[in-house]
Amino acid sequence: MAFSFPSSPPNFTPLTPTNPPNNHPNPNPQTPIQFFNPNPKSKFSLSASHSDTPPPPFPPINADYLDKEFRVDGVSFEGIGDGDLCVVKMGLDGGGGSAACAAVLLPSGVITSYKAKMWHGSNVEVIHTSVSEGVGGAVIRGGVSVGCGCGVAGERPWWPRTWSLMDVRGSSHNSIQVELISVNPKHGVEFKYLITLQQDLLSSELVVTNMGSSNLQLTGSILSHLEVCSPNATYAVGLQGSSYFNKPPPMSEFLIVPPNFNEKSRSNAKKSQFLEGIFSGWSSREQKSTNEAKSGGELSEEDVEREEDEDYAQLTEKMSRIYTTAPTKFTVIDRGRRTSVVFGRSGFEELYFLGPGSNHEQYGKYSYICVGPSAVLKPVMLAPERLWRGAQYLFNPNI
């Protein structure tokens, strides 16, 4: 029987207001924006201005402290290394059997694990993460990461690279939500990141607030590496008729890209002056292409709009695409592991899709596909004193 993904995720009870309007204004623009402080003994506020004042004192990345302040049923905290990293572990009750669980790494905010119950009764890892040795220790790539930045059009955007824990809600009996925050007073922007775990769903929601007096432009994507047996045994179902552009992979510190993947494009990208922005190289190339088209110049390979002609598309070939007219949900089927994931998005108009190709070892470092809602070719414009919401949903239909 065909699976139908409704307009809102199945059985999803948000812990925040449902269906909030985009660009919802601050009810009182003259009132300083108040931030929640998990420590009730102190309060702080931040006026909506481009101030050089340092960010408010959010809780330190200390497992013992976070466990004392934020522990709820189904949530635990574990320090890593010298104590400058912490894993937030979420787990739901399974009624005597396997149940959904997830892990979030602080301060990067990367979701490093999401295990979901499958039709055979056992838990299976949905997220693909790679750990390797680096100069300063272990290097983690993959998972689910936020690669969105905000700034005044034409200027270098600000990208939240570290997150602080703001709140933990719910319990292991129903759902758990972890709320992270990253603020830059100088740029007048606040990012909130809400990660919600339910038995059949893992959602990642961004709430971006423009605290300044100038219009801001938001660009980027949420990148999700989905574990598969091999791209050769993986299919994308439901994208037929969607328009897309072939684009080089973005410059993200968490994106897993095979060696020599689109080597020429990535080499050019590394020489770009926009390395401070993960996706700004894309935006720069897009603007250049638009200017060339207006002047009658010849479009490059990256600037030719194409259309997905298969409804059951096998992901054998390597690809890096931005879909501009993709449906808000589609299904990824892994025939090797006999599992599937329904991917949904809201707020974002575009969909990013990366396939590493099938000429790699099965169940290895490149046994994944990367998908994510994006705002790259068409950035989101955010007016002063307004907020924007965008989210992605990984729904497990295998229960």
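Look up: the structure comes first, before these words.
Report follows, based on the coordinates. Only a predicted model underlies this, so the values are computations on that prediction, with no experimental measurement involved.

Calculation rules
- Residues numbered from 1 in each chain as written.
- Predicted model: local features only at pLDDT ≥ 70, side-chain atom pairs only at ≥ 80, totals over all residues.
- Heavy atoms only, no water.
- Phe/Tyr/Trp six-rings, centres within 6.5 Å; stacked < 30°, edge-to-face > 60°.
- Helix = DSSP H or I, 4+ residues; strand = E, 2+ residues; numbered from the N terminus.
- Buried < 20%, exposed > 50% of the residue type's maximum accessible area, 1.4 Å probe, protein only.
- Core = buried A, V, L, I, M, F, W, Y, C linked by side-chain atoms within 4.5 Å.
- Contact = heavy atoms within 4.5 Å.
- Salt bridge = Lys/Arg side-chain N within 4 Å of Asp/Glu carboxyl O.

### Here's the deal with the packing of aromatic side chains
Then comes step 1: For the structure shown, the criterion picks out nine aromatic pairs.
Then comes step 2: Measuring from ring centre to ring centre gives 6.4 Å for Y323 and F353, while their planes differ by 75°; the resulting arrangement is edge-to-face. With Y323 in strand β21 (residues 319-323) and F353 in strand β24 (residues 350-355), this residue pair connects regions lying 30 residues apart in the sequence. Each member of the pair, Y323 together with F353, is buried.
Then comes step 3: Taking 6.2 Å as the distance between ring centres and 40° as the angle between the ring planes, the aromatic pair formed by F330 and F353 counts as tilted. Here F353 lies in strand β24 and F330 lies in strand β22 (residues 329-334), a separation of 23 residues in the sequence.
Then comes step 4: Under the relative-accessibility criterion, F353 is labelled buried at 1%.

### A look at the nonpolar core
Then comes step 1: By size, the foremost hydrophobic cluster in this structure holds 65 residues, and its most contacted members are F191, L206 and F353.
Then comes step 2: Not counting the four nearest positions on each side in its chain, L206 is found in contact with V146, C148, W163, F191, K192, Y193, I222, F348, W388, R389 and G390.
Then comes step 3: I256, V257, F261 and I322 belong to the second largest nonpolar core, which has 14 residues in total.

### Points about unusual backbone geometry
Then comes step 1: Residue P107 follows L106 across a cis peptide bond; omega there is 10°.
Then comes step 2: As for its position among the elements, P107 is in the loop between β6 (101-106) and β7 (110-117).
Then comes step 3: Although it is not a glycine, R338 sits at a positive phi angle of roughly 60°.
Then comes step 4: Summarising the element assignment, R338 is placed in the loop between β22 and β23 (339-346).

### Examining the pattern of salt bridges
Then comes step 1: Enumeration over the complete set of coordinates arrives at nine salt bridges.
Then comes step 2: Linking K89 and E78 is a salt bridge whose minimum nitrogen-to-oxygen distance equals 2.6 Å. Of this pair, K89 sits in strand β5 (residues 85-91) while E78 sits in strand β4 (residues 75-80), and the two are 11 residues apart along the sequence.
Then comes step 3: Under the relative-accessibility criterion, K89 is labelled partly exposed at 36%.
Then comes step 4: Put simply, E179 and R169 hold a salt bridge, and the shortest N to O gap is 2.3 Å. Linking E179 in strand β13 (residues 176-184) with R169 in strand β12 (residues 164-170), this pair joins segments that are 10 residues apart in sequence.
Then comes step 5: The class of E179 is buried, set by a relative accessible area of 5%.
Then comes step 6: For R169, a relative accessible area of 25% gives the class partly exposed.
Then comes step 7: It is possible to trace a salt-bridge network through shared partners that takes in D167, R169 and E179.

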